[in-house]
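What follows is each chain in one-letter form.
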6 protein chains.
Amino acid sequence: MPGPTFLEGDRITLRTVEEEDLDFLQRDVNDPDVWRSLGAVSPVNAEQEREWFEERSEGDGISLLICDDEEPVGSIGLSGINETWGHAEVGYWVTPDAWGEGYATAATELLVGYAFDQRRLNKLVANAFDFNAGSRRVLEKAGFAEEGVRREEAFIDGEFVDIHRYGLLAREWRADD
Amino acid sequence: MPGPTFLEGDRITLRTVEEEDLDFLQRDVNDPDVWRSLGAVSPVNAEQEREWFEERSEGDGISLLICDDEEPVGSIGLSGINETWGHAEVGYWVTPDAWGEGYATAATELLVGYAFDQRRLNKLVANAFDFNAGSRRVLEKAGFAEEGVRREEAFIDGEFVDIHRYGLLAREWRADD
Amino acid sequence: MPGPTFLEGDRITLRTVEEEDLDFLQRDVNDPDVWRSLGAVSPVNAEQEREWFEERSEGDGISLLICDDEEPVGSIGLSGINETWGHAEVGYWVTPDAWGEGYATAATELLVGYAFDQRRLNKLVANAFDFNAGSRRVLEKAGFAEEGVRREEAFIDGEFVDIHRYGLLAREWRADD
Amino acid sequence: MPGPTFLEGDRITLRTVEEEDLDFLQRDVNDPDVWRSLGAVSPVNAEQEREWFEERSEGDGISLLICDDEEPVGSIGLSGINETWGHAEVGYWVTPDAWGEGYATAATELLVGYAFDQRRLNKLVANAFDFNAGSRRVLEKAGFAEEGVRREEAFIDGEFVDIHRYGLLAREWRADD
Amino acid sequence: MPGPTFLEGDRITLRTVEEEDLDFLQRDVNDPDVWRSLGAVSPVNAEQEREWFEERSEGDGISLLICDDEEPVGSIGLSGINETWGHAEVGYWVTPDAWGEGYATAATELLVGYAFDQRRLNKLVANAFDFNAGSRRVLEKAGFAEEGVRREEAFIDGEFVDIHRYGLLAREWRADD
Amino acid sequence: MPGPTFLEGDRITLRTVEEEDLDFLQRDVNDPDVWRSLGAVSPVNAEQEREWFEERSEGDGISLLICDDEEPVGSIGLSGINETWGHAEVGYWVTPDAWGEGYATAATELLVGYAFDQRRLNKLVANAFDFNAGSRRVLEKAGFAEEGVRREEAFIDGEFVDIHRYGLLAREWRADD
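All residue numbers refer to positions counted from 1 along the written sequence of the respective chain. Labels follow written order: the first chain is A, the first ligand is 1, and so on. Reporting in this predicted model follows two pLDDT cut-offs: at least 70 for local features of residues, and 80 or more for side-chain atom pairs to be given and counted; totals over whole chains, interfaces and linings ignore these cut-offs and use all residues. Think of the side-chain values as coming from all heavy atoms in the structure, minus any hydrogens and water.

As annotated in an unreviewed UniProt entry, chain A carries the name N-acetyltransferase GCN5 and comes from Halococcus salifodinae DSM 8989. UniProt positions are given in the numbering used here, feature names are shortened, and annotations may be inferred rather than shown by experiment. Quoted straight from UniProt, the Sequence similarities (unreviewed entry) entry for chain A says "Belongs to the acetyltransferase family. RimJ subfamily."

Colleague: Tell me what's going on with the interface of chain F and chain D, and back it up with residues and numbers.
Modeller: What makes two residues a contact is simply this: any of their non-hydrogen atoms within 4.5 Å. Contact residues are listed per partner, giving 27 residues for chain F and 28 residues for chain D. Buried area adds together the accessible area that both of two parts lose upon being put together, with accessible area traced by a 1.4 Å probe. Note on chain F versus chain D: buried area summed over both sides is about 2200 Å², and carbon and sulfur give 45% of it. Of all residues in chain F, Trp85, Arg151 and Glu153 of chain F give up the largest surface area on contact with chain D, accounting jointly for 36% of the area buried on that side. Whenever a carboxyl oxygen of Asp or Glu lies within 4 Å of a side-chain nitrogen of Lys or Arg, that contact is scored as a salt bridge. Across the pair Arg151 of chain D and Glu147 of chain F runs a salt bridge whose closest N-O atoms are separated by 2.8 Å. Runs of H or I in DSSP of at least four residues are treated as helices and runs of E of at least two as strands, each being numbered from the N terminus. The set of elements that each furnish at least two residues to the side of chain F that touches chain D consists of strand 6 (123-129), strand 7 (145-156), strand 8 (159-169) and helix 6 (170-176) of chain F. Of the residues forming the side of chain F that touches chain D, the biggest block, eleven residues, is contributed by strand 7 of chain F. Residue composition of the side of chain F that touches chain D, grouped by class: twelve nonpolar, six polar and nine charged. Residue polarity follows a fixed list, in which Ala, Val, Leu, Ile, Met, Phe, Trp, Tyr, Cys and Pro are nonpolar, Asp, Glu, Lys and Arg are charged, and the others, Gly among them, are polar.

Colleague: Could you give me a rundown of the pattern of salt bridges, with the residues and numbers involved?
Modeller: What the rule picks out here adds up to 89 salt bridges over all chains. For Glu153 of chain E, the salt bridge is made with Arg165 of chain A, and the minimal N-O distance between the two is 2.9 Å. You can see Glu153 of chain E sitting in strand 7 (residues 145-156) and its partner Arg165 of chain A sitting in strand 8 (residues 159-169), one on each of two chains. In this structure, Glu153 of chain E and Arg165 of chain A share a single accessibility class: buried. Per-residue accessibility, obtained with a 1.4 Å probe over protein chains only, is compared with the maximum for each type, and a residue is labelled buried under 20%, exposed over 50%, and partly exposed between these values.

Colleague: Before we move on, could you go through the relation of the copies chain F and chain D and cite the residues and values that matter?
Modeller: The transformation that overlays chain F on chain D combines an axial shift of 0.1 Å with a rotation of 180 degrees, and the residual RMSD is 0.1 Å. Here the two chains are linked by the operation of a two-fold rotation axis. When C-alpha positions in chain F are compared against the rotation axis, the closest is assigned to Gly148 of chain F, at 1.9 Å. Least squares is the method for superposing the copies, and the C-alpha atoms it fits come from residues with pLDDT of at least 70 in both.

Colleague: Kindly report on the pairing of strand 2 (residues 13-16) of chain D, identifying the contributing residues and their values.
Modeller: Residues and elements named next belong to chain D. Two strands pair if DSSP finds at least two bridges between them. The pairing of strand 1 (residues 5-8) with strand 2 spans three bridges and is antiparallel. Bridge pairing in strand 2 places Glu8 opposite Thr13. Between the antiparallel neighbours strand 1 and strand 2 lie four residues. One ladder, built from four bridges, connects strand 2 with strand 3 (residues 62-68); its direction is antiparallel. Pairing of Thr13 across the sheet is with Cys67, part of strand 3.

Colleague: Describe in detail the interface of chain E and chain A, supporting the description with residues and values.
Modeller: Listed by partner, the interface residues are 28 residues for chain E and 28 residues for chain A. Regarding the contact of chain E and chain A, the summed buried area is about 2200 Å², with carbon and sulfur atoms giving 45% of it. Counting the surface chain E buries against chain A, the share from its top three residues, Trp85, Arg151 and Glu153 of chain E, is 35%. For Glu153 of chain E, the salt bridge goes to Lys123 of chain A, with nearest N and O atoms at 2.9 Å.

Colleague: Describe in detail the packing of aromatic side chains, supporting the description with residues and values.
Modeller: Each aromatic pair joins two rings of Phe, Tyr and Trp (for Trp, the six-membered one) with centres within 6.5 Å, and gets the label stacked for planes under 30 degrees apart, edge-to-face for over 60, and tilted for any other angle. Applying the stated criterion across every chain, the model contains 44 aromatic pairs over all chains. Arranged with centres 5.0 Å apart and planes meeting at 70 degrees, the rings of Phe155 of chain B and Phe160 of chain B form a pair that is edge-to-face. Of the residues examined, Phe160 of chain B reaches a relative accessible area of 29% and is grouped as partly exposed. Relative to Trp173 of chain E, the ring of Phe116 of chain E lies with its centre 5.5 Å away and its plane at 40 degrees, an arrangement referred to as tilted. Of this pair, Phe116 of chain E sits in helix 4 (residues 103-118) while Trp173 of chain E is found in helix 6 (residues 170-176), placing the two residues 57 residues apart along the sequence. Assessed through its relative accessible area of 0%, Phe116 of chain E is described here as buried. A connected cluster of aromatic rings, assembled from ring pairs, spans Phe6 and Tyr114 of chain A together with Trp35 of chain B.

Colleague: Got a sec to walk through the confidence of the model for chain A? Specific residues and values, please.
Modeller: Atomic detail in the predicted coordinates should be set aside for any region of low pLDDT. pLDDT measures how confident the predictor is about each residue, on a scale from 0 to 100. For chain A, the mean per-residue pLDDT works out to 94, and 99% of the residues sit at or above 70. Overall fold confidence (pTM) sits at 0.93, and the ipTM for the predicted complex is 0.93.

Colleague: Got a sec to walk through the side chain of Arg120 of chain E? Specific residues and values, please.
Modeller: Relative to the helices and strands, Arg120 of chain E is located in the loop between helix 4 and strand 6 (123-129). Counted as positive: Lys and Arg. Counted as negative: Asp and Glu. His and the chain ends are not counted at all. Salt bridges are absent for the buried Arg120 of chain E, whose nearest opposite-charge side chain, Glu83 of chain D, sits at 6.8 Å. Polar contacts involving the side chain of Arg120 of chain E include one to the main-chain carbonyl oxygen of Arg120 of chain D, which spans 3.1 Å. Side-chain atoms alone can form a polar contact between residues adjacent in sequence; in general such a contact is a pair of N or O atoms within 3.5 Å, and within protein one must be able to donate a hydrogen while the other accepts it.

Colleague: Got a sec to walk through the UniProt feature "domain: N-acetyltransferase" (unreviewed entry) in chain A? Specific residues and values, please.
Modeller: UniProt annotation of "domain: N-acetyltransferase" (unreviewed entry) refers to residues 12-167 of chain A when read in the numbering used here. End-to-end, the C-alpha atoms of residues 12-167 of chain A are 24 Å apart, and along that stretch the chain is 34% helix and 38% strand.

Colleague: Go over the arrangement of the chains, please, and point to the residues and values.
Modeller: Contact between chain B and chain D is absent, and the minimum C-alpha spacing across the pair is 22 Å. What separates chain B from chain E at the closest point of their C-alpha atoms is a distance of 19 Å, and the two make no contact.

Colleague: So what about helix 5 (residues 133-141) of chain D? Which residues, and what values?
Modeller: Residues and elements named next belong to chain D. Taken together, the buried positions of helix 5 are occupied by Ser135, Arg136, Val138 and Leu139. Down the axis of helix 5, the smallest arc covering the buried residues is 155 degrees, so these residues share one side. Phi turns positive one or two residues past the end of helix 5, at Gly143, with a value near 100 degrees. What the arc covers is the set of directions going from the helix axis to the C-beta atoms.

In structure tokens:
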């Protein structure tokens, strides 16, 4: 059973990441479909996953589990939080079995509201590989605008890959609400 | 089952916080209604709750569990204890299911008496968000006087929020008793 | 000779605090007129002053030396920086020989502009003892509004002393500029 | 049960190395047929195997378990990764009971594709003892070319032994694909 | 006298950063014209500059002093080196007295050649504030193409400021040579 | 003045590396002609040179200064010493002003004799870039045989570069003596 609910949406809850969730997380970050979409090139064993967890608990980023009822279906978080200038990066992944259900969009919208309404951030940014049409659609549905293309900045499946850079300003999000 | 009773009132007891209480505490500090009322903006997983517990056990603040019989219904404590000048800050929260039962008032009165009668403090202070009418009523019932408004000092639910600052002097409390 | 200039005003410069400045700083924080005005109740020997310096270098507050030409005349800084909500506390002192020259006002105005224009803060707060008419005048000249009186919260010269609490919002400061 | 699948081939999977696999690994690296083929001259007790595991988890090499279904049959990895120049060394062993089944070839081909397509390496190298015809065949089947003979560089079974040095360039591998 | 020459150009040399250069570096990173152009919001005293130096010596970034003869006129380096994907960020500043002499362009061209020819990088990126026309001209002269505008991502002089994001691919640079 | 003589030849001495030699060593390892010939891609400041020196003093490799009289002209050493199998790698460089004087050959012959006669090694190996005809001549004069070409294994001046691998067996050296 996952940890307590920190943010609650219509279809999903975002819950704290607990030690009991490490099996789920480790299985997924080693899934070739997931690590390709994250640009995370190395295998992660249980010990390394636990180290990530310990460091994450001490760092200033935010990690939450995306859950449908009490079933974990993915993970979302904020990293690179720059509080002086007021921006942070949103990152997420959904377990392959649950793709196409709208979980990433629901989670992103919930986290965006939290970031702007509770953390006084001015801007959220996100990155998506050129081949990841799904992730780009999620960001666009959540109101992000493309701000540029980081040309050939990743190397995946034998090719240099463009990274699309997205941004959403607090004032755009409030106007849109 | 919670720890032994440290302070005993008519309706409630204030008991030591034990490792067994961390589940209860963690669930509540992640409850959106609770963390908004505390201005505690980040999710807290079990490991981080335990770290808080370890540090709290070593620090010089006071944390107690508010219990009805042996049922925990919230938490209260003293922080920022300045023994040279003789003041400290009172803080508390009650689990949402138990709101409106007078637990916070009962606990505050008990802790105030302890602070003045046992710790030789000259003054207690407390803070409440403008939207938290419940918390302000608790403080006023316990004899606190409003000493000023810290204008737009918090940022909650997308707006800058005023914080009401309260104070209660030992001599006021004794006169009132 | 003090460190390089970080902020430059008409009459003064605010410079980095260097190891060579510790003698000046230590002499002044032990001056009864200074420590009374700061509420800093304990003597500080050279070793303790150095420890303060080491910790200050690692912390996230800001400390600057107020200089007239290259002559140090006091110190000013930001502490308790809360970047999530966007507020910080301004504190300063001027060496008794240089009182009445307007150094504190000039330094406060320079630091306020920096805090709002370069650090995205929403509010600055400050505290002044009831008997410290000079400090209260400095804050009022710099545009701060009194937000309340923390009654009898300090104990100085045998009496409980009120602390006046001041605040200045970024939007007030910009309107005023 | 071994860890999650990181790379998936037709006949085998390459999985993360978990604490539960240490028994299997320790038994095999102490097997005279295995340690001779690796040039690993010292016995490894369970404690030493665990130390290897801890260090491996922190280092920048890659270790994976070769599995048939969920049965571990060997180990493969990359070491000496030089990312500036873009080369790394492939090493592997298969448990003696499973020799002759083509596991090493299947694992090497899978890891080679990963190294070139996901890690932007320019070259892979490998070493095989002169007496290890099996290992040399595996490398040749996987497309490696012999680049020289390190004469009498090892000492095994009472004799100085030549080491054959192999290399495979990314462009050769792509042309061959 | 600065350290030995690591890279040599027609007009300038890039030399190792030595302890003797810390005075020069500290004075400049506290210069309001420099720290605004770097987005480096906090004062840096000699002790903090030394800490930066110690950490820099241990990290994997590259820092070099830009020198005209043996006179230091600025600093340039690579940070955020991602060797797996082959990209890094170029950053530089020139002491205000030496602006307009072409030092930044000469240093950038020298470092770009080193990054592509000696470190096997595939791409260099750089960022320049919208108001920093000088820095944008330097990047364009060195062959960088603008890849997007990170809208309102910095906060400087009281306003949210756009950051222009530039990129230069190894193959573009070689074609151009 | 360099340290005491450890090995003495006709024209040169090999002396211990002392702290006083670090200036000489640092200047040379930052010389573009030297670091290219060593494949040492990063600048080394005095602090990092000292760290290398401290670590070297604790490690099990051998570093000696090549001196003509008491004038240092280069450095030579053994690294990667494998005592079980009896091999090690020879590496050296000579300061550019002293190239063509035969210092490297004299030093290599002296060190080779020491390695075989005093350390019971069975084999010495060495590597030279394809473009480094001078270094290859030194190795051949000292009796090393080419054992293979590590194709395109380095990346220098914008190209993948072959590395020639040399070996010299104790019995060859003794026969030759």
